[in-house]
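# Coordinate analysis (summary)
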Amino acid sequence: MHIREEDRRAERENSGLLPLVFGMVVALGILVNFAPNQRIDFEQTGLGINTRENFSSKNGEVFHCSDFNNGDQCIKTMNKNKGLRHVLWFGASQLHAINDMQPGDRTAVSRLHEKLLLRDTLLTAFSQANGNLQEHDVLFEYIRQKARVDVLVLGMVYDDMRESGVRATIKGALLSKKTAKALAQSSTGRLILQRYKDGGKDISSSPKKYTTLQQKTEAYLNERLSRMANVWAARADFRGQLVVALDKLRRQVLIARNAIFGIDSKKWTVRIDDGQYAVNRGALAAILQSAQRAKIPVLLYVAPRPIDAYFPYDLQKYQAYKNDIAKLGASYGVTLVNLEDTVKGDVWGTIDNGVGKIVTDIFHFKASGHAQMAKSIFKALDPILKGLPNQ
Amino acid sequence: MIFNSVSYLLFLVLVVCLYWSLPRKPKLVLLFVASLTFYGFWRWEYIFVMMASVLIDFVIAAKIENTENQTRRRTLLAISLVANLGLLAYFKYTVFALENLNVVFSLFGRTEGWTIPNILLPIGISFYTFQSISYTIDVYRRFIPAQREFLLFANYVVFFPQLIAGPVLRAREVFWQLNKRPDFVLDDIAYGSRRILYGLFLKVVLADNIAVFVDDGFVLPSSTLSAWDVWTLTFLFGFQIYFDFSAYSHIAIGSARLMGIKFPENFNFPYLAISPKDFWRRWHISLSSWIRDYLYFPLCGTKVRDESVGGLSVASEKNNISERRRFVALFATWAIMGLWHGAAWTFVVWGIWHAIMIVGYRAWASLVTVPKWLAYTLGWTVTLPLMMLGWLPFRAASLEDTMSMFFTLFRPVAYFDSVQFSAGYMMAAFPRNLSVDYYLIAASLVVGTLIVGLVRNYMDPLLMRMQAVSFVMQTTLFAIIFSGVFVFLRPIRQFIYFQF
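A brief look at the structure comes next. Treat the numbers as computed from the prediction; the structure is a model and nothing was measured. (Residues numbered from 1 in each chain as written. Chains lettered and ligands numbered in written order. Predicted model: local features only at pLDDT ≥ 70, side-chain atom pairs only at ≥ 80, totals over all residues. Heavy atoms only, no water.)

### A short note on the overall build of chain A
To keep things clear, this is the line we draw: A run of H or I in DSSP becomes a helix once it reaches four residues, and a run of E becomes a strand once it reaches two; helices and strands are each numbered from the N terminus. Accessible area is worked out with a 1.4 Å probe on protein chains only. A residue is then buried under 20% of its type maximum, exposed over 50%, and partly exposed in between. We call two residues contacting when some pair of their heavy atoms lies within 4.5 Å. Note on areas: Shrake-Rupley with a 1.4 Å probe; residue coverage comes only from the protein chains shown. Working convention for charge: Lys and Arg count positive, Asp and Glu count negative, and His plus the chain ends are omitted. A charged residue contributes its charge at one atom only: NZ of Lys, CZ of Arg, CG of Asp or CD of Glu.
Looking only at helices and strands, one finds 15 helices and 12 strands in chain A. Once the C-alpha set of chain A is aligned to its principal axes, its extents read approximately 80 × 55 × 45 Å. In chain A, which comprises 391 residues, the proportion classed as buried is 51%. Taking all contacts inside chain A whose residues are at least 6 apart in sequence as the whole, residues at least 24 apart take part in 79%. Looking at chain A as shown, the accessible area adds up to about 18600 Å², and 55% of this sits on carbon and sulfur atoms. Counting 55 positive and 40 negative side-chain charges, chain A places the averaged centre of each group 5 Å from the other.

### Description of the state of the cysteines
Residue and element names in this part refer to chain A. The condition is simple: By definition, disulfides here are pairs of cysteine sulfur atoms that lie within 2.5 Å.
Per the stated rule, a full pass over the model turns up 1 disulfide over all chains. Here Cys 65 is linked by a disulfide to Cys 74, with a sulfur-sulfur distance of 2.0 Å. Classification of the bridge connecting Cys 65 and Cys 74 rests on its S-S torsion, roughly 105 degrees, and on that basis the disulfide is right-handed.

### Some words on the interface of chain B and chain A
In plain terms, the rule: A 1.4 Å probe defines the accessible area here, and the buried area is the portion of it lost by two parts on being joined, summed over both. Think of a salt bridge as a Lys or Arg side-chain nitrogen and an Asp or Glu carboxyl oxygen that are within 4 Å of each other. The definition of a polar contact used here is a pair of N or O atoms within 3.5 Å, where within protein one atom must be able to donate a hydrogen and the other to accept one, and adjacent residues in sequence count solely through side-chain atom pairs.
Between chain B and chain A, the contact holds 60 residues from the first and 52 residues from the second. Buried area between chain B and chain A, summed over both chains or domains, comes out near 5200 Å², and the portion from carbon and sulfur atoms is 62%. Among the residues chain B hides against chain A, the three largest losses belong to Phe 41, Val 219 and Phe 486 of chain B. Together they make up 13% of the total. If you look at where chain B meets chain A, you find 2 salt bridges. Asp 216 of chain B is paired through a salt bridge with Arg 195 of chain A; the nearest N and O atoms lie 2.4 Å apart. Our count for the contact surface shared by chain B and chain A stands at 16 residue pairs in polar contact (both at pLDDT 80 or more).

### Side note on the pattern of salt bridges
The full count for this structure, using the stated rule, is 28 salt bridges over all chains. As a salt-bridge pair, Arg 144 of chain A and Glu 141 of chain A come within 3.3 Å of each other at their nearest N and O atoms. Of this pair, Arg 144 of chain A and Glu 141 of chain A both sit in helix H6 (residues 133–146), separated by 3 residues, roughly a single helical turn. Residue Arg 144 of chain A is classed as partly exposed on the basis of its relative accessible area, which comes to 27%. A residue is classified by how much of its surface remains accessible, and Glu 141 of chain A, at 3% relative accessible area, is buried. Its salt-bridge partner being Glu 323 of chain B, residue Arg 326 of chain B comes within 3.7 Å of it at the nearest N-O pair. With Arg 326 of chain B and Glu 323 of chain B both in helix H13 (residues 323–341) and 3 residues apart, this pair spans about one turn of that helix.

### Digging into helix H2 (residues 24–40) of chain B
Residue and element names in this part refer to chain B. As a reminder of what qualifies: What a helix should span is 1.5 Å times the count of its residues minus one.
Relative to the 24 Å expected for 17 residues at 1.5 Å per residue, H2 spans 24 Å between its end C-alpha atoms, a close match to the ideal helical length. Considered for burial, the residues of H2 that qualify are Lys 27, Leu 28, Leu 30, Leu 31, Phe 32, Ala 34, Ser 35, Leu 36, Phe 38, Tyr 39 and Gly 40. Residues of H2 that are buried sit in contact with helix H1 (6–21), helix H3 (47–66), helix H5 (125–140), helix H6 (150–158), helix H7 (160–163) and helix H8 (171–179).

### Focus: a nonpolar patch on the surface
Residue and element names in this part refer to chain B. Cut-off, in case you're wondering: Here a patch means residues that are over 30% exposed by relative accessible area and free of salt bridges, tied together within 9 Å if like-charged and within 5 Å if nonpolar (Val, Leu, Ile, Met, Phe, Trp, Tyr).
Together, Trp 364, Leu 367, Val 368, Val 370, Leu 378 and Val 382 make up an exposed nonpolar region whose accessible area comes to about 530 Å². Those elements giving two or more residues to the nonpolar patch turn out to be helix H14 (345–367) and helix H15 (372–389). Summarising the element assignment, Val 368 is placed in the loop between H14 and H15. The exposure class of Val 368 is partly exposed, given its relative accessible area of 32%.

### Section: H8 of chain B
All names here are of chain B. Taken across its 9 residues, H8 has 7 buried, putting it largely inside the fold. Listed as buried for H8 are Ala 171, Arg 172, Glu 173, Val 174, Phe 175, Gln 177 and Leu 178. Among the structural elements, H2, H5 and H6 are those in contact with the buried residues of H8.

### Some words on the packing of aromatic side chains
As a reminder of what qualifies: Stacked, edge-to-face and tilted labels apply to pairs of Phe, Tyr and Trp rings (six-membered ring for Trp) whose centres lie within 6.5 Å, assigned for plane angles under 30 degrees, over 60, and everything in between, in that order. Working rule: Lys NZ or Arg CZ, within 6 Å of ring centre, within 35 degrees of ring normal, means a charge sits over the ring.
Following the criterion strictly, the structure yields 76 aromatic pairs over all chains and no others. Ring geometry for Phe 159 of chain B and Phe 160 of chain B: centres 5.7 Å apart, planes at 65 degrees, overall edge-to-face. Assigned by exposure class, Phe 159 of chain B and Phe 160 of chain B land together as buried. Positioned above the aromatic ring of Phe 311 of chain A, the side-chain terminus of Arg 305 of chain A is 4.0 Å from the ring centre. When the ring centre of Trp 340 of chain B is taken as origin, the NZ or CZ atom of Lys 92 of chain B, which lies over that ring, is 5.2 Å away.

### With respect to the packing of H6 of chain B against H8 of chain B
Residues and elements named next belong to chain B. Worth spelling out the cut-off: Only the contacting stretch of a helix is used when fitting its axis, a line to C-alpha atoms as for every element, and angles between N-to-C directions run 0 to 180 degrees. Each angle gets one of four labels, with under 35 degrees taken as roughly parallel, over 145 as roughly antiparallel, 65 to 115 as roughly perpendicular, and the rest as oblique. Less than a right angle of anticlockwise turn of the near helix away from the far helix marks a crossing as left-handed, whereas a clockwise turn marks it as right-handed.
Across the interface, H6 lies against H8 with an axial gap of 10 Å and an inter-helix angle of 125 degrees. Considered as vectors, H6 and H8 are oriented oblique to each other. When the axes of H6 and H8 are compared, the crossing they make is right-handed. Residues Leu 152, Phe 153, Asn 155 and Tyr 156 of H6 form the contact with H8, whose participating residues are Ala 171, Val 174, Phe 175, Leu 178 and Asn 179.

### Concerning the packing of helix H5 (residues 108–117) of chain A against helix H15 (residues 367–386) of chain A
Residue and element names in this part refer to chain A. We count it as follows: Classification used: nonpolar for Ala, Val, Leu, Ile, Met, Phe, Trp, Tyr, Cys and Pro, charged for Asp, Glu, Lys and Arg, polar for all others including Gly.
Here H5 crosses H15 at 40 degrees, and the two axes come no closer than 8 Å. Classed by the angle they form, the pair H5 and H15 counts as oblique. Judged by the twist between their axes, the crossing of H5 over H15 is right-handed. Residue-level inspection shows Ala 108, Arg 111, Leu 112, Lys 115 and Leu 116 of H5 in contact with H15, the latter providing Ala 367, His 370, Ala 371, Met 373, Ala 374, Ile 377, Phe 378, Leu 381 and Leu 385. Across the contact of H5 with H15, the residue classes break down as 11 nonpolar, 1 polar and 2 charged.

### A closer look at the sheet that holds strand E10 (residues 336–338) of chain A
Residue and element names in this part refer to chain A. Counted only if it meets this: Should DSSP find at least two bridges between two strands, the strands are taken to pair.
Judged by pairing direction, the sheet is parallel, and its 6 strands sit side by side in the order E4-E7-E5-E8-E9-E10 without closing on themselves. Edge positions in the sheet fall to strand E4 (64–65) and E10, since each of these pairs with one other strand and no more. Summarising the sheet, E4 and strand E7 (residues 121–128) pair through 2 bridges and their orientation is parallel. Looking across to E7, one finds that Cys 65 is bridged to Phe 126.

Just geometry here; none of it tells us what the structure is for.
Printed below as a string of structure tokens:
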């Protein structure tokens with residue numbers, strides 16, 4: 001057979017079994033040695049210093065979930081309580097994270113859930129770390145296909161306008177044909193469907209959710225291998241640790257850049273890219289339009305933040321964002337309620353700002369902050385609940 | 001079955017072990033059954049579509065060889081082409097054709113158009129139909145005899161390492177290897193394993209992680225992107241598709257090699273190319289040579305003869321073909337090549353872009369002579385961004401987005417904001433709308449390409465003379481590659497070329 005130069009070179013470069021075998025043995029040895037025996041919860045590490053997540057349930061009924069994978073438990077609770085009015089609350093980690101958590105501490109969701117039960121109302125919440133509006137759009141359409149929603153509460157966090165995509169643990173909702181059909185009513189929904197057109201068939205869910213032979217086989221094999229070898233089960237931890245290490249490297253690069261250019265890292269600014277803002281705004285419009293069509297009243301609120309702490313965003317752009325969201329809400333008959341200044345006092349946590357400085361965590365607070373937040377959400381929600389027809 | 005999965009690796013080990021323990025005929029049965037199983041993991045019902053193509057060409061090629069009547073030979077060839085291309089046209093282009101017809105109807109005021117059917121594209125159809133067609137044409141051209149053993153021929157078409165996304169093999173490359181069982185050589189196992197490992201690394205560590213940034217970036221409204229953003233996204237996608245597709249080829253070549261079967265190289269570091277012509281000698285080599293031999297030469301009216309030894313290509317005799325005809329043939333070939341990749345006008349734009357680049361390069365090369373060192377440095381510096389830019393229509397969501405992003409590159413203000421610069425904001429003077437990670441990754445990949453080029457050209461020859469150092473470096477490299485594959489191996493994303 002005629003051999004080209006590139007074929008000859010490939011033959012030369014790829015001969016020899018020993019380096020391959022030695023390399024594999026060395027790699028396996030290192031991985032086995034460093035594989036953690038317990039799984040690492042990376043969601044917790046992103047929450048800030050001394051801040052933990054807390055998802056609520058009561059008497060075996062789950063009412064605070066994070067995504068598609070555990071969401072069916074919340075939907076089950078909703079359907080078990082059809083006689084009650086249903087309030088659905090979407091937000092980011094502010095809803096489930098408690099700084100300096102002590103035994104008995106409760107989130108705003110848990111407090112409000114208890115209070116609303118006295119008003120024959122069931123509160124269900126879905127929140128994710130850095131949850132964005134595209135994910136809320138997907139979840140909203142998914143939940144609406146499976147359970148009745150009487151009121152939607154939607155927290156607006158400026159930082160989340162820069163988040164992109166739908167995470168693996170939520171895009172499984174796209175497998176539902178009804179959800180896909182509902183999402184396709186909006187341009188953002190169609191964008192999401194196009195992007196995840198394989199339906200988000202991710203191995204991170206349980207085997208029964210897979211449809212092709214490949215996925216079922218792969219899920220089965222992974223489960224077996226994870227049980228047989230801790231080093232296989234630890235792969236997700238290795239990936240997480242790599243991301244954390246790369247993030248640390250990135251921080252060092254930024255610290256070096258600040259030192260070289262004389263930038264004061266206390267005055268760093270987080271950018272919200274116009275493009276990502278536009279996509280998330282589109283998702284918000286899709287949610288509001290869908291709620292309007294279904295005659296679901298919406299409580300749209302600006303999330304609480306510590307007013308006297310450094311706010312790492314362009315203040316003009318932030319004001320423009322609030323005006324924009326208010327105008328968008330008004331076009332769908334929804335009023336934007338500003339709850340920025342409703343969590344006061346020394347209740348906020350602390351966090352590394354990404355360039356080596358410990359600063360006030362402007363998203364997460366202590367249990368007393370959750371109590372304040374629950375009170376302010378209830379106050380804003382009350383008129384809406386009073387306006388609902390009786391069940 | 002997807003290559004980047006535990007299922008495939010187990011399947012491969014099982015097939016290879018059985019392969020080496022069986023004599024010739026059972027071995028062919030094993031490969032055939034294994035290939036159908038491999039394909040059926042996706043959808044078993046589309047096996048029948050594939051087998052229809054195999055059967056048609058097996059029968060027709062035999063009939064072509066059995067007759068000397070030129071008209072009858074030509075008719076039989078036409079039947080094969082119509083059958084194969086008809087299958088491809090139905091599954092791949094029906095929706096595209098109907099959508100465009102509806103657009104035409106609406107222009108004439110007709111509101112009711114054709115109903116668009118829901119047709120699922122059989123995976124690999126673009127590859128196996130082309131492979132099968134090349135066999136029939138080669139028999140017609142009398143370059144090879146018709147294969148009389150159905151099992152052997154079927155294995156040529158459906159052989160699982162190359163079934164879904166190539167390399168597009170010529171019958172002469174494969175028949176003799178499938179027919180004669182090669183001797184077991186440990187070096188084949190070494191070679192095959194290395195290639196598979198490289199491929200998996202490129203796919204699961206590099207391509208799939210770059211894809212996250214590419215997907216996020218191309219979803220953004222094109223009006224919010226600056227020129228730097230467009231270049232960055234283009235480069236990121238260019239690297240993603242290269243790592244993704246070359247990964248497939250590595251794994252295909254490696255998997256076949258574990259069974260002692262040698263496939264030709266499909267990629268040769270295309271981003272080190274110094275001209276558009278050089279690029280197409282390095283990128284998807286099996287398809288570009290196929291297109292040249294079975295489409296471009298016939299469109300030019302070139303008479304061909306088989307010049308190479310048992311070979312990979314046909315060479316043209318000197319012909320009096322007018323420049324005008326060559327020009328038209330070039331553009332037609334590239335437009336068809338674009339459409340082969342996907343049923344959308346963006347792919348046609350991609351094809352036309354490359355035709356323009358080749359014509360432009362030919363004109364430049366005929367007018368200008370530069371010293372070799374300048375040809376290399378200038379050539380690479382100009383070729384890389386131009387080839388990367390060709391990926392824009394390939395990836396953008398629509399023709400409108402393609403044009404919008406493309407024209408952004410010609411707006412000076414999209415590169416430099418003099419107002420911000422005058423105000424003293426150095427960083428803001430270069431408008432950027434993506435997070436800093438995008439630019440860092442794109443820049444690292446370009447620098448990495450340069451380093452690879454330098455290592456291959458200058459370090460490799462040195463290392464070949466220093467065996468101990470070479471051994472240690474290779475061991476370290478494999479340790480890193482294996483660790484990456486071990487940690488990242490998950491079938492979360494199929495190969496890009498599966499959609500073609």
